[in-house]
Structure formats: C-alpha cells, structure tokens
Amino acid sequence: MATYKRIVILTGAGLSAESGLSTFRDKGGIWAKHRIEDVATPAAFARDPESVLEFYNTRRKGARGVKPNAAHEALARLEADFPGDLTTVTQNIDPLHEKAGTKNLIHMHGEILKALCAHCGAKKPWEEDITIDQVCGACNKDGGMRPDVVWFGEMPYRMEEIYAALGRCDLFISIGTSGNVYPAAGFVAEARAAHAHTVELNLEPSEGISMFAEAIHGKATQVVPAYVDRLLNS
Ligand SMILES: [Zn+2]
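Quick notes on the rules
- Residues numbered from 1 in each chain as written.
- Predicted model: local features only at pLDDT ≥ 70, side-chain atom pairs only at ≥ 80, totals over all residues.
- Heavy atoms only, no water.
- Core = buried A, V, L, I, M, F, W, Y, C linked by side-chain atoms within 4.5 Å.
- Buried < 20%, exposed > 50% of the residue type's maximum accessible area, 1.4 Å probe, protein only.
- Helix = DSSP H or I, 4+ residues; strand = E, 2+ residues; numbered from the N terminus.
- Contact = heavy atoms within 4.5 Å.
- Phe/Tyr/Trp six-rings, centres within 6.5 Å; stacked < 30°, edge-to-face > 60°.
- Donors = N, O, S within 2.8 Å, 3.2 Å for Na, K, Ca; no water.
- Tetrahedral: all angles 85-135°; square planar, octahedral: opposite > 155°, others 65-115°.

A word on the nonpolar core. If you look at the biggest cluster of nonpolar residues, it comprises 22 residues, and the most contacted ones within it are Y56, M145 and W151. Mapped onto this core, the elements with two or more residues apiece are helix 2 (30–33), helix 4 (42–47), helix 5 (49–64), strand 4 (110–117) and strand 6 (145–149). The element contributing the most residues to this core is helix 5, with five residues. If sequence neighbours within four positions are ignored, Y56 has contacts with V39, A40, I112, P147, V149 and W151. Judged by nonpolar contacts, the second largest core, of 20 residues, contains I7, L75, L78 and L231.

On to the packing of aromatic side chains. Think of a pair of aromatic rings as described by two things: how far the centres are apart, and how the planes are tilted against each other in angle. Counted under the stated rule, the structure contains five aromatic pairs. Ring geometry for Y56 and W151: centres 6.3 Å apart, planes at 40°, overall tilted. Of this pair, Y56 sits in helix 5 while W151 sits in the loop between strand 6 and helix 8 (159–168), and the two are 95 residues apart along the sequence. Classification of Y56 by relative accessible area gives buried; the value is 6%. A relative accessible area of 2% places W151 in the buried class. Summarising the aromatic geometry, the rings of Y163 and F187 are spaced 5.7 Å apart at their centres and angled 85° between planes, so their arrangement reads as edge-to-face. Of this pair, Y163 sits in helix 8 while F187 sits in helix 9 (residues 187–193), placing them 24 residues apart in sequence. The class for Y163 is partly exposed, based on a relative accessible area of 32%. Pairwise contacts between aromatic rings join F45, F55, Y56 and W151 into one cluster.

Along the chain, the position of Q134 falls in the loop between strand 5 (123–125) and strand 6. Sequence-distant contacts of Q134, that is, excluding residues within four places in its chain, are made with W126, D129, K141, D142, G143 and M145.

Our next topic: the coordination of the zinc ion. Summarising the metal site, the zinc ion is bound by the protein donors C117 (SG), C120 (SG), C136 (SG) and C139 (SG), whose distances to it range over 2.3 to 2.4 Å. One can describe the donor arrangement at the zinc ion as tetrahedral, given that its four donor atoms subtend angles of 106 to 113° at the metal. Coordination of the zinc ion draws on donor residues from a single chain, spaced C-x2-C-x15-C-x2-C in sequence. You can see C120 sitting in the loop between strand 4 and strand 5 and its partner C139 sitting in the loop between strand 5 and strand 6, a full 19 residues away along the chain. For C120, a relative accessible area of 38% corresponds to the partly exposed category.

That's the geometry; what it means functionally is another story.
Put into structure tokens, the structure is as follows:
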C-alpha cells in the first residue's frame, strides 16, 4: 500500500450486475432490447419524449430498491482506509456506490435518481416517474423535465476533473467495464501516460485488455474484495 498515493477507480455495469441491474452491452443486455437511437439521444427525446421518459422511468423503478453488493462495499472500504487520494469515476447511473458509502464519486454519465430540466438546467433528486407535463420547480416551464443521464451525443460530466485525476494517479483500476465506450475506454491510456500501474478487474477480458499491466478475471463480488484486501494489506 505504501507504494501508491493516488488511485483512480473506473467502474461500469459489470459492478452492479450482481445487484440485479441489467448490463447494457452484453448479450441479453438493455441495448439488445432497445435501440439506443430510440431512447438515449437528445433527438429521441425531441421526437418522442414519452417513450424516452418511459424507458428511464422503468430504469428508475429498478434502481430504487437495489442494494450495493460486496464489490461496492469493498471499494467504499478502500476509500475509507486508503491514506492517499482516491477518486471513483463511475459510468453507472445507479446509486449503489453512494449507498455503499463511497464519498469522492464522479457520476460521469449522470444519475437515474435525479431529474434535469432541459429548459433551465436545474437538477433535483427524483424518485418518481417523470411525465411529459411535469413542471420544473425552478423555471415553471413544462415539457423539459428529463432524467439527469448523459445521452449518446452529449458530453459526459466533469471530464476536466477526471483527466486531472488520471494525470496524477499512480494506480488506475478499471472494474466491470466493457472497454468499448469512449471516452471512458481511453482512461487507461491517460493513466499509462502518467506512469500509473493499471489493473483490470472484469468478468472476462475486456476489449481494452492489452492496455492493462495486470488483469484479474472473475465475478466482481469475488475479485474486487480480494483485490482490495491485497491492496490494503500490502
Ligand atoms: Zn427549469
């Protein structure tokens, strides 16, 4: 442990799969059943807001009752016990990292349990369905309330902070991500450029596997707690 001072952790759908949330890109995943261009783009929301809202209302219902699993808990423990800087960047829109206790967290693709007003940019916690006639409490206009999730064609959140953290990290851990969605898929190259050690923890080798110095494959609830123990005891 003494060897590392600044850790960046990137997480994806594979981390939450064992909490019962569907992954997006796997066979049988969400994008096998819905077309991205129908439900997850600004153009889709402009064309057919009801279908887009319904798609995310279903996701929101699913995210409300879920519980963090042993992998989320291990990462929260690592953050609490690690004496240096640790930043967790997640591609997941579920609330499982924060439910497990992670504090320094960046939701780069937004949060399903928040609503965003397309008219004025106001954001607020949101547990219920969003409807097309919902009025924004900040600007009083209707028709603009949408989930606070980053759609395809939109810029992920807090990228400057993320690149700054990657540029100074000495350990980069990528967990449960398929390695084919940019910009997150490019983070390992940024970490390597900063001379960080790079580790992949994933169910199977990702598309970016060749970029990592170390890789451990298996279920997140097994490999993540084991890796965290190793790190904290080294
Ligand atoms: Zn508004």
